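Tertiary structure, described
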Amino acid sequence: MRGFQTTIRSLFAAGALAAGLSMAAPAMAQDDTIKVGILHSLSGTMAISETTLKDTMLFLIDEQNKKGGLLGKKLEAVVVDPASDWPLFAEKARELIEKDKVAAVFGCWTSVSRKSVLPVFEELNNLLFYPVQYEGEESQRNVFYTGAAPNQQAIPAVDYLMNEEGVQRWVLAGTDYVYPQTTNKILQAYLESKGVAKEDIMVNYTPFGHSDWQTIVTDIKNFGSAGKKTAVVSTINGDANVPFYKELANQGIKAEDIPVVAFSVGEEELAGLDTAPLVGHLTAWNYFQSVDTPENADFIAKWKEYTKNPKRVTNDPMEAHVIGFNMWVKAVEKAGTTDPDAVIDAIVGVSVPNLSGGFSTMMPNHHITKPVLIGEIQADGQMETVWQTSGLVVGDEWSDYLPDSKDLISDWRAPMSCGNFNVATGKCGGKGVN
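If you're wondering where the values come from, they're calculated on a predicted model, not measured in any experiment.

The rules behind these values
- Residues numbered from 1 in each chain as written.
- Predicted model: local features only at pLDDT ≥ 70, side-chain atom pairs only at ≥ 80, totals over all residues.
- Heavy atoms only, no water.
- Pairing = 2+ DSSP bridges.
- Helix = DSSP H or I, 4+ residues; strand = E, 2+ residues; numbered from the N terminus.
- Axes fitted to C-alpha atoms, helices over the stretch in contact; angles between N-to-C directions.
- Contact = heavy atoms within 4.5 Å.
- Expected span 1.5 Å × (residues − 1).
- Bend = angle between axes of the 7 residues up to and from the residue.
- Buried < 20%, exposed > 50% of the residue type's maximum accessible area, 1.4 Å probe, protein only.
- Disulfide = S-S within 2.5 Å.

In spatial order, the strands read 2-1-3-4-5; together these five strands make up an open sheet with parallel pairing. The strands lining the two open edges of the sheet, one partner per strand, are strand 2 (74-80) and strand 5 (143-145). For this sheet, the mean inter-axis angle between neighbouring strands, taken without regard to orientation, is 25°. Here strand 4 (residues 128-130) runs beside strand 5; their pairing, made up of three bridges, is parallel. The residue bridging Y130 from the neighbouring strand is Y145, located in strand 5. Docked against the sheet, helix 4 (residues 86-99) engages strand 1 (33-39), strand 2 and strand 3 (104-107), running at close to 180° with respect to strand 1.

Right, here's the structure in full:
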């Protein structure tokens, strides 16, 4: 459709010029660039995590323009601030697509923000590249999930704690919204399948921005005093992490006593903390700044030069944007157009280098292949990798451990073109989102 509109505009322009009419510059300006939407919170509780993703996208767009842009045109960033306000994400997404005419959007952090915009991208048939670990149980035609699914982060982290640390009691602590709730539902089912008793699993949720952790940390301390090795699996998001870790230190909870493995704390969040009391606690991601590869060294050097800040760190969601952006560029080049339908068809199977070593590939379920790394927090706020998978793991959109989704798969290639195909019934449209 976009190609047809461009042809009509070109014919109109040629006719007008032939008639000796002067064309107003604004009428042509919309075709001079390819607009890219950036939908990240720059204020509110999630700004601590999302602002750097906005900067990452500006950096990537700048780098691509240095290479000559895309399809012979410069890329133009369109930045909006949904302000950690979940309904506002949908409003801003609509604005980017309808008003600004962006070719694709890179954005969201929390799952509630992503779910807020899903109907908009489906209705308006645009593309969202989502760069953060999430709970799975979803596969949408217009979304590309470049962060980790639970089998690429949460489950390997639990396996590590169980097998390497001998953990027997589990505190599942999260922020009170869909990602922690669903992830913990999967983890609880997984732990019970491994023989963990229900009384050895404690689940706790707190609101966004929660600051008074004294009682909860005391409860964790008491739960861990039963004579069994205990760990905290943290899906706490945003700026609530700062007082949480401070209270752990205040109450003398050390990593060797009750280790915390976090899924939403990376180098960016640690940059604002006194990390000394946190040394030895763990994070699970698919990338660390400390990864020693030529690709990563090159990226870090260019990032610090771009930001003019030698202390600026990198983190996992940044790498997910690097992968997603480069996949989009490659798919657009392959399709010869930014038309969403053409890009959706072209992107499956596209592989690009990741920063941890090797190539990540976009799979038919719109998830990518990723390595899994467990890192130990160091005094300088960096991670030392203590364990990693031997190869890349394919993101599993539907959990094998939940009864409503264990029979579902996703494949957006024709002729299936389905986000929730039930292999037991042979039909598309099982429970969940498609």
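In this section: helix 5 (residues 111-124). With 14 residues, helix 5 extends 20 Å from end C-alpha to end C-alpha; this agrees with the ideal 20 Å at 1.5 Å per step. Of all the bends in helix 5, the largest measures some 35° and sits at V117, one to four residues before the proline P119. Among the residues of helix 5, S111, S113, R114, S116, V117, L118, V120 and F121 are the ones counted as buried.

Helix length check: helix 7 (residues 178-193) (16 residues) gives 22 Å between terminal C-alpha atoms against 22 Å at 1.5 Å per residue, within 8%. Looking only at helix 7, the buried set comprises Y179, P180, T182, T183, N184, I186, L187, Y190 and L191. Looking at the packing, one finds that the buried side of helix 7 touches helix 5, helix 6 (154-164), strand 6 (169-175), strand 7 (201-206) and strand 8 (230-235). Just beyond helix 7, the residue with positive phi is G195, at close to 95°.

In this section: the state of the cysteines. In the structure shown here, the tally under the stated rule is one disulfide. What pairs with C418 in a disulfide is C428, and their sulfur atoms sit 2.1 Å apart. Residues C418 and C428 are joined by a disulfide whose S-S torsion is about 95°; by sign, that bridge is right-handed. Of the two residues, C418 sits in strand 18 (residues 418-422) while C428 sits in strand 19 (residues 427-428), which places them ten residues apart along the sequence.

In this section: the sheet that holds strand 9 (residues 260-262). Strand order in the open sheet formed by seven strands is 7-6-8-9-10-14-15, and the pairing between neighbours is mixed. Two strands close off the open sheet at either side, each with one partner strand: strand 7 and strand 15 (383-388). Each strand axis lies, on average, 25° off the axis of its neighbour in the sheet, ignoring direction. Strand direction decides the pairing type here: strand 6 and strand 7, joined by six bridges, are parallel.

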